[in-house]
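For reference, the chains in residue letters:
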Amino acid sequence: GAGVSQTPSNKVTEKGKYVELRCDPISGHTALYWYRQSLGQGPEFLIYFQGTGAADDSGLPNDRFFAVRPEGSVSTLKIQRTERGDSAVYLCASSPSGAGGPQETQYFGPGTRLLVL
Amino acid sequence: AQSVAQPEDQVNVAEGNPLTVKCTYSVSGNPYLFWYVQYPNRGLQFLLKYITGDNLVKGSYGFEAEFNKSQTSFHLKKPSALVSDSALYFCAVRDKRGYNKLIFGAGTRLAVHP
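Here's what I pulled together on the structure shown here. (Residues numbered from 1 in each chain as written. Chains lettered and ligands numbered in written order. Predicted model: local features only at pLDDT ≥ 70, side-chain atom pairs only at ≥ 80, totals over all residues. Heavy atoms only, no water.)

All right, on to the nonpolar core then. One broad trend across soluble globular proteins is that nonpolar side chains are buried collectively. With 29 residues, the main nonpolar core has Trp35, Leu47, Leu48, Phe74, Leu76 and Tyr89 of chain B as its most contacted residues. Residue assignment for this core shows that the elements contributing at least two residues are strand 2 (10-14), strand 3 (19-21), strand 5 (32-38), strand 6 (44-50), strand 8 (64-68), strand 9 (73-78), strand 10 (87-94) and strand 12 (108-113) of chain B. Counting residues per element, this core draws most heavily on strand 10 of chain B, which supplies 4 residues. Aside from chain neighbours lying at most four places away, what touches Leu48 of chain B is Leu33, Phe34, Trp35, Val57, Lys58, Gly59, Phe63, Glu64, Ala65, Phe74 and Leu76 of chain B. Judged by nonpolar contacts, the second largest core, of 19 residues, contains Val19, Leu46, Leu77 and Leu114 of chain A. (Core = buried A, V, L, I, M, F, W, Y, C linked by side-chain atoms within 4.5 Å. Buried < 20%, exposed > 50% of the residue type's maximum accessible area, 1.4 Å probe, protein only. Helix = DSSP H or I, 4+ residues; strand = E, 2+ residues; numbered from the N terminus. Contact = heavy atoms within 4.5 Å.)

What follows is about the sheet that holds strand 3 (residues 19-24) of chain A. Residues and elements named next belong to chain A. The sheet built from 4 strands is open, its strands ordered 1-3-8-7 with antiparallel pairing. Strands with a single pairing partner mark the edges of an open sheet, and in this sheet they are strand 1 (5-7) and strand 7 (65-68). Strand after strand, the sheet turns through a mean of 15° between neighbouring axes, direction not considered. Pairing of strand 3 with strand 8 (residues 75-79) involves 5 bridges; the strand directions are antiparallel. Paired with Leu21 across the bridge in strand 8 is Leu77. (Pairing = 2+ DSSP bridges. Axes fitted to C-alpha atoms, helices over the stretch in contact; angles between N-to-C directions.)

A full pass over the atoms with the stated rule returns 14 aromatic pairs over all chains. Centroid distance Phe108 of chain A to Tyr36 of chain B: 5.3 Å. Interplanar angle 85°. Geometry classified as edge-to-face. Of this pair, Phe108 of chain A sits in strand 10 (residues 107-108) while Tyr36 of chain B sits in strand 5, which puts the two residues in different chains. Judged by its relative accessible area of 0%, Tyr36 of chain B is buried. Between Phe108 of chain A and Phe104 of chain B, the aromatic rings sit 6.0 Å apart at their centres with planes inclined by 75°, giving edge-to-face as the arrangement. (Phe/Tyr/Trp six-rings, centres within 6.5 Å; stacked < 30°, edge-to-face > 60°.)

Time to look at the side chain of Thr76 of chain A. Residues and elements named next belong to chain A. Mapped onto the elements, Thr76 comes out in strand 8. Residue Thr76 is classed as buried on the basis of its relative accessible area, which comes to 17%. In this view, Thr76 contacts Glu20, Leu21, Trp34, Phe66, Ala67 and Val68; residues no more than four positions away in its chain are not counted.

Right, here's the structure in full:
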């Protein structure tokens, strides 16, 4: 089947605006992850969903960032009152069960490039 | 604190020559280790992973990686580089204790010259 898809591929917004980034995981994958990749750096973990619930949100930088996965499939990352420092590529990944075992390889989508002016 | 180091920002190699991209890690216990590749304007593509057992792991596109527990290293290798291997390579670790997040290095840009 199809891989992880993310929309939009690019998003330009103004400082202070609200944005939503969408992730559609691989069909049947229970676990979903969000990462943020700033220019010249490796991806940094934001949040991990096991089904509908956020199992680990320790990477969210502050309360302007929020993510949901209401039906256990598609997820939306929401950023309120955007700041220029939020500019980055936001990557989504999914894995089969999120059980933490050796078979849990994370497969990444193409990312959403967010630019806050 | 858990961390991954990729000491080289860029590696240059001539086509047909062997390549090595270095990675060392600092994680308690024995983590799972991964290599991903990123082409321009593309997401991360999984290359290979080390779980346990044989220290030499083979992956996609002819890549392999060697796990060295005493040196806490997981270097990526390929016997004969192709121009099409030019990309950004990321090493990552995941704690075996059930924490699912990946911790990535900063990445190494591989440039293969004709």
